[in-house]
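The primary structure of each chain is shown beneath.
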Amino acid sequence: MLESTEENPEVVALTVEQAIANLKHEDLSLRYYAAWWLGRFRVSEPAAIEALIVALEDEDYRTQLGDYPLRRNAARALGKLGNRQAVPGLLKCLNCSDFYVREAAAQSLGMLGDPIAVPALIPLLAGGVAAAVQVPGRPHLTQPYTAVLEALGSLGASDVLELIQPFLEHPVARVQYAALRALYQLTGDDVYGQRLMQGLESSDLNLRRVVLGNLGAIGYLPASNAIARASTESSFKIFALKGLLEHQLNPTQLDLSDAAIQVMNLMDSLL
Amino acid sequence: MTDPAQTQKLIHAVEQADSPARLVAAVQAIVAAEVEAGISTLIAVLGYNNPTAAVVAVEGLIHFGEVAVQPLIEQLDEYNYGARAYAIRALAAIADPRAIDVLLTAAATDFAPSVRRAATKGLGGLHWSKLSVEQRSAAVEQALQTLISVSQDPDWSIRYAAVVGLQALATTSHLKTQIESQLQQIIQTEPDQAVRARVRLAQQLLSAYLKIGH
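Residues numbered from 1 in each chain as written. Chains lettered and ligands numbered in written order. Predicted model: local features only at pLDDT ≥ 70, side-chain atom pairs only at ≥ 80, totals over all residues. Heavy atoms only, no water.

What about the nonpolar core?
Judged by nonpolar contacts, the single largest core of 168 residues is most densely connected at B:Leu46 and B:Leu72. When residues no more than four places from it in sequence are discounted, the contact partners of B:Leu72 are B:Ile43, B:Leu46, B:Leu61, B:Ala87, B:Ala90, B:Leu91 and B:Ile94. (Core = buried A, V, L, I, M, F, W, Y, C linked by side-chain atoms within 4.5 Å. Buried < 20%, exposed > 50% of the residue type's maximum accessible area, 1.4 Å probe, protein only. Contact = heavy atoms within 4.5 Å.)

Let's talk about the pattern of salt bridges
Here the idea is simple: oppositely charged side chains can pair when their charged atoms come close. Counting across every chain of the model gives 19 salt bridges over all chains. Of the charged contacts, one joins A:Arg71 and A:Glu59 as a salt bridge, the two residues approaching to 3.0 Å between their closest N and O atoms. Of this pair, A:Arg71 sits in helix α4 (residues 69-81) while A:Glu59 sits in the loop between α3 (46-55) and α4, and the two are 12 residues apart along the sequence. Look at A:Glu59 and you get partly exposed, because its relative accessible area is 48%. B:Arg98 is paired through a salt bridge with B:Asp96; the nearest N and O atoms lie 3.1 Å apart. The buried category is assigned to B:Asp96, whose relative accessible area is 5%. Look at the salt bridges and you will find they share partners, linking A:Asp67, A:Arg72, A:Asp98 and A:Arg138 into a network. (Salt bridge = Lys/Arg side-chain N within 4 Å of Asp/Glu carboxyl O. Helix = DSSP H or I, 4+ residues; strand = E, 2+ residues; numbered from the N terminus.)

Brief notes about the environment of A:Ala21
Relative to the helices and strands, A:Ala21 is located in helix α1 (residues 16-22). Along the sequence, A:Ala21 and A:Ala34 sit 13 residues apart, while their C-alpha atoms lie 8.6 Å from each other.

What follows is the structure, given as structure tokens:
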């Protein structure tokens, strides 16, 4: 998907009531779609939240490998809906046998912003970098390290820096970037921002896009010109600069800072 | 001066380039030679999926100015949105009002956000004075209506581009007062704080524009 950072399969028209009802439909593919749909269209009413929380424990939809596709989509949707009622269910998902359910739960817990999740995330880093190896026959590591590190950064887990720091040396670049992002958020130390910014020079286009996403998430202002010059599609650069801009805006103050204006000038130049 | 044989050689070098770096060098050579016969080749390069070469080609096309407008419109790539976005950026920068129909359609209906953003920005900055007086007010009004409609798009980046387009249109047309009240309406309802910030910047710039007496 070159044009948008938002997943965007063909959208089928549903009403909110239909989508909620479909979470219990006998056709499992309709359940799966309904869970995605509720997140995509930010349906945050209580009935939707409750039905999605129930879907986090779904046992009906299992793949041959024993995975839980509906739980994945429900966990992803709950992160977008901004209701902390979902936190206990998501915490349980961190122990699910399905890697992608754990990953979605860690991401959503980071988005929901409740620091109560920190103690439950820490065990996923157990064993440090030595344990963070690829699972034989599957395209992922033993744990969703990227999502866990990013969530710890978002949740302000500044008392576990020593657990995060070793991942700066992880062989997978995305994991390193997640550690840099978290450490910058937790310490504000420019060293981490500078190192993350160097990732824009990566020879891998997908990694450059990941770095843009991370720089936007931490609002790293010194990267603004490097972002505008980065060798990727303009959409990714505009989204990253938007993240920088949002960190420069003060909702209580109408005046725009010089930094905010400079970032907007760069965004204008990329339209 | 570049004679026809040399021009053919330059064009051939682009068509035969067998590495990204050679392509960039060949495109740079055409741009440096400034031969109009190379325009069509530069437009073709926009679809080669080599961003560095495409950026050089866009700069070259902008440098050609008016003479590149008709070829850019005729060679607009229906199938490759990346190429289309580069071409629209070139048309927007040249700002010749012959591109208005292409920009109006692209801003309102293109499926690719990058194309829509480029066209939306471009709609505000066309050189209206190149149109006859009779054509001018209708063209400006079409641009305004499309920008207002696009300013309600679900995609924040399109709405952001609409604000940039409206700001430009306010300074290139007689519609400044009308656009200022439009911006005031947008800021009341705009849900995204980055877009609201861009509206505030537009408002600041437009009020300063009045003060220096244009």
